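Read off the chains here:
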Amino acid sequence: MSKKSHGRRPRFISPLGALRLGFFRALARVFNWFRPTTRFLIGFFTLALLTTLLLARTRTLLPTAEAYKEGDIVNTDVTAPADITSEDVSETGRRREAARRRTPSVWNFDSTMGEYAAQSFRASWITLKQQTEARRRDADTNLNANGNTDRGEFVWPGEGSDKVAIARAVTAQNFDSWRLETLTRMIREVGGAYIFEEADAKYVSGEMRLVDTRTGTETTVNPSERQFLSLPAARESLRSRILGHNDWKLAEREALASAAAPLLKSNVAYNNPATEARREEAAQSVRPTFIILKRNQTIARAGDTVTPQMLAQFSALRDYSRTERRPQHFIGLFLISCALYFAAWRFTEYRSTITALPLTHARAFTLVGLSVLVQLILMRTGFFIAESIASHSMRAPMNDVMIWGFAIPFAAAALLVATLVDTQLALITAVLSAIFAGILAPGGTFITCFSLASSAAAIYGFGRYTERQSVTQAGLIAGCVNIILALAVMLAAQQPLTLNAILLAAGCGLAGGFLTAVFTAGGLPINESLFGILTDVKLLELSNADLPVLGQLALRAPGTNQHSHAVGHLAEEACRAIGANPLLARIGALYHDIGKLGAPDYFVENQSGDNPHDRLRPTQSARIITSHVSYGQKLAKEINLPRQIADFIPQHHGTRTLHFFLRKAQSCAAEGEVVDEAEFRYPGPKPQSKEAAVMMLADSCEAAARSLARPDPENIRTIVAKIFESIVSDGQLDECHLTMRELTKLRESVIASLIAIYHARIDYPGFNPPSLGHDQPPPLPRPEIDSEERGIGYRRPSEVPISKGGEVEDEALTSKGKS
């Protein structure tokens, strides 16, 4: 990467690297347009579709019969090419349609509608009678004197077109109960028939199933045997019966008919969903009719007349031909791929809940899926090459496709996943690869076993990925196992074990292990960058001091650089004590303060004289100090620093407050002025991992120990305990799942490391000056000399400026204050 200056500071990334990062970020923004679930589904089905296309193999299409019509003459002999069992769709359809027609329609029936109409007429009759009697009583007592012109007119309270005329007709009958019973009986009799709406008239035919809406009972009726009336016909029937009653006047009969007819309502209604459901159930209960043809069976000879049976048999041949054109084959492979990938997805989800993976379960599944897809491409290519070599060879064993297939790197995908993520996910990858290998290979079962065993050998014969040659060693192990597996497969397949066959199988098996190492090694850097996975090798590459950002840190901020290395040593030993990742902590320490490159002279470890904060307002000083976090994050994004390393930059300070600058600002504030504490607080977040928590503790302890004039074991233990207590009480470790036992181990590890760093030197007689006393320290230099320049710090641990959050804030104090 180029170190040429760019603006006011060096460029930490090359133009080509910046272009590459811009492309990937633009591509990520495109995918971020979709919801996470949508992105997952698109990727999942795309993966399954590509897998299906790679698994599908082209076959020669079988001949099919020509298309004929009934009565045509067959032009040539038609013979079944294989045993064919096919459904006779036409015959099955005819039988099911007949079953549909035989199924009665379903109607909803309300048996109370006629009685309800009669009672409604009776209620209106009684209401009118009560109104009439009340009117008469009012007239007798002279209470009805309001002067209304229609005070003697009554209105029918029920339905009807001319309610006044109806009321007159009823009043003219003097509310005779016999006449009321006659009318209600007519309404019941007509309303007791099956009355339907005119819109349902087209469904009234054949048998009908009436379902009582109140009791749920069903009755089968036939319209030809029972009285079925449309609603207009029922009302007209009731009207005719009332008009035919000669005891009443015509006008009264017409008025009463207009009151009674509207009360009739339909009591049966066609239930289309229920009818269709029953007819569909009846149709599905009809068993399909099959056409069974035997291999080489003559279906028709040239010159025969085409019959309906022949047409059905020709249709079976056409269906068989379409099947060989692979729509069903593709669908089946697609469903199998979806099922296998779904199982892998669920296992990845489960695995992420019981162990800490270096990436999210979605990204882990993506890695597994892409690895299997690339593995499938390798296998498809390998089998193609093996078949080509075998087809051009005339002598055994060179013409054996299976033996040449042993050279395919079946374990590459599994070894890649084991190297980058997890051995259990690698085993799932191996299972998927083995199943797909069995589908592709000529001897499917044996190759499946060979692939699975080879992958298992590569996975579990592989140690921790700490150097590039670890992959080569895993490939060598897989190659040796392949030799044994190849011989086992040949024995199981009952192939002749000649010397040439054994040598060829052993060579191909060893080549398979070598190619496994080659493709795995080639895929590691790509996937490390693509998925942001931090392997030990990647971490070691990040520790290279020649990287531009680390080189600039050593050049422009030597004190910070030395501090970072010291913190890295402390954090590494502390992580090793509690079982965390020591290498991650050490590399994270190298980058945790890269933000100080923005203003190195404003941090005490880089100062060699005056403290610039003495000339600044506390808020300005706080802004400069806290900005090294935001600037460090910006710098990490610019150089594409892995997320796990970049997280150390904000988390090693957490949400602690610059306590001494805050107190300084409060003491300098005018009366009544309120100092905003948020201006003196780091943005956070708090440490989210054990490594980040160790970084926070080690960072503060190293700074405090460096500030001591006498870093003896007692002072070191005192100040480390104080820092640990302050950080814990400030709640900075609430989100990193550290236990009290682990905190104790961390404290003892940090104390031991600091004591080892600041241990007493051996006295050399004749070279060391005489001691002034057993308990008296050497005299201190003049107080006006800066403590960093003298190499002497605070005399007692209690003098070290440690904030409530456990952070050393030397910058807040003047040079003389340190002496």
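Before reading further, recall that the structure is shown in the block above.
Overview of the structure.

The rules behind these values
- Residues numbered from 1 in each chain as written.
- Predicted model: local features only at pLDDT ≥ 70, side-chain atom pairs only at ≥ 80, totals over all residues.
- Heavy atoms only, no water.
- Helix = DSSP H or I, 4+ residues; strand = E, 2+ residues; numbered from the N terminus.
- Buried < 20%, exposed > 50% of the residue type's maximum accessible area, 1.4 Å probe, protein only.
- Contact = heavy atoms within 4.5 Å.
- Areas by Shrake-Rupley, 256 points an atom, 1.4 Å probe, with all protein chains shown as cover.
- Pairing = 2+ DSSP bridges.
- Phe/Tyr/Trp six-rings, centres within 6.5 Å; stacked < 30°, edge-to-face > 60°.
- 1 Å grid on protein atoms, 1.4 Å probe; cavity = no way out; pocket = protein on both sides within 12 Å on 5 of 7 lines; lining within 4 Å.
- Points joined across faces, edges and corners; volume = space filled by probe spheres on them.
- Nonpolar A, V, L, I, M, F, W, Y, C, P; charged D, E, K, R; others polar.
- Axes fitted to C-alpha atoms, helices over the stretch in contact; angles between N-to-C directions.
- Left-handed = near helix turned anticlockwise from the far one by under 90°.
- Parallel < 35°, antiparallel > 145°, perpendicular 65-115°, else oblique.
- Core = buried A, V, L, I, M, F, W, Y, C linked by side-chain atoms within 4.5 Å.

Once that is clear, we can look at the overall build of the chain. Within the chain, the regular secondary structure consists of 31 helices and 12 strands. Put simply, the chain has 819 residues, and 45% of those count as buried. Considering only contacts within the chain whose residues lie at least 6 apart along the sequence, 77% involve residues at least 24 apart. When the accessible surface of the chain is totalled, it reaches about 42400 Å², and 55% of it is carbon and sulfur.

The next thing to look at is the pairing of strand β4 (residues 84-87). Alternating positions in β4 separate cleanly, Ile84 and Ser86 being buried on one face and Thr85 and Glu87 remaining unburied on the opposite face. In this structure, β4 lies alongside strand β11 (residues 290-293), joined through 4 bridges in antiparallel fashion. Along β11, the bridge assignment pairs Thr85 with Ile292.

The tally for this structure, following the rule as stated, stands at 18 aromatic pairs. Judged by centre distance (5.7 Å) and plane angle (75 degrees), the ring pair of Phe410 and Phe450 falls under edge-to-face. On the criterion of sequence distance, the pair formed by Phe410 in the loop between α13 (401-405) and α14 (412-420) and Phe450 in helix α16 (residues 444-460) is long-range, its members being 40 residues apart. Both residues of the pair, Phe410 and Phe450, count as buried.

Let's shift gears to empty space enclosed by the protein. Summed over the entire model, instances satisfying the criterion amount to 1 cavity of 30 Å³ or more. When its volume is computed, the largest cavity comes out at roughly 260 Å³. Taken together, 23 residues make up the lining of the largest cavity; nearest its centre are Lys596, Glu605, Glu807, Val808 and Glu811. If you list the elements that add at least two residues to the lining of the largest cavity, you get α23 (618-638) and α27 (690-707). For the lining of the largest cavity, the class distribution of residues is 8 nonpolar, 6 polar and 9 charged.

The next point concerns the packing of α27 against helix α29 (residues 740-757). One way to put it is that α27 packs onto α29 with a least axis distance of 11 Å and a crossing angle of 40 degrees. In this structure, α27 meets α29 at a crossing whose hand is right-handed. Contacts between α27 and α29 involve Lys690, Val694, Leu697, Cys701, Glu702 and Ala705 from the first element and Glu742, Leu743, Leu746, Val750 and Leu754 from the second. Tallied by class, residues from the contact of α27 with α29 come to 8 nonpolar, no polar and 3 charged.

Running from amino to carboxyl end, α27 crosses helix α28 (residues 713-729) at an angle of 140 degrees, the nearest separation of the two axes being 10 Å. In terms of orientation, α27 lies oblique with respect to α28. Read as a crossing pair, α27 and α28 show a hand that is right-handed. Residue-level inspection shows Met696, Leu697, Ser700, Cys701 and Ala704 of α27 in contact with α28, the latter providing Ile719, Val720, Ile723, Phe724 and Ile727. For the contact of α27 with α28, a count of residues per class yields 9 nonpolar, 1 polar and no charged.

In this structure, Tyr591, Ile645, Val720 and Leu746 are the most contacted members of the largest nonpolar core, which totals 72 residues. Of the residues forming this core, the biggest block, 11 residues, is contributed by α27. The contacts of Val720, once residues within four sequence positions are left out, are Cys701, Arg747, Val750, Ile751 and Leu754. Judged by nonpolar contacts, the second largest core, of 68 residues, contains Phe44, Val372, Val421 and Leu485.

For the rest of this paragraph, the subject is the sheet that holds strand β7 (residues 208-212). The pairing of strands in a sheet happens through backbone hydrogen bonds and is either parallel or antiparallel. Across the sheet, which stays open at both edges, the 4 strands sit in the order β8-β7-β5-β10 with mixed pairing between neighbours. The sheet terminates laterally at β8 (218-221) and β10 (268-270), the two strands that pair on one side only. Here the average twist between neighbouring strands, direction ignored, is 30 degrees. The sheet contact formed by strand β5 (residues 105-109) and β7 spans 5 bridges and is parallel. For Ser105, the partnering residue across the bridge sits in β7 and is Met208. Where helix α9 (residues 272-284) meets the sheet, its contacts fall on β5, β7, β8 and β10, and the angle it forms with β5 comes to roughly 145 degrees.

As for its placement among the helices and strands, Glu198 is situated in the loop between β6 (194-196) and β7. For Glu198, a relative accessible area of 54% puts it in the exposed group. Sequence-distant contacts of Glu198, defined by excluding residues within four places in its chain, comprise Ser230 and Pro232.

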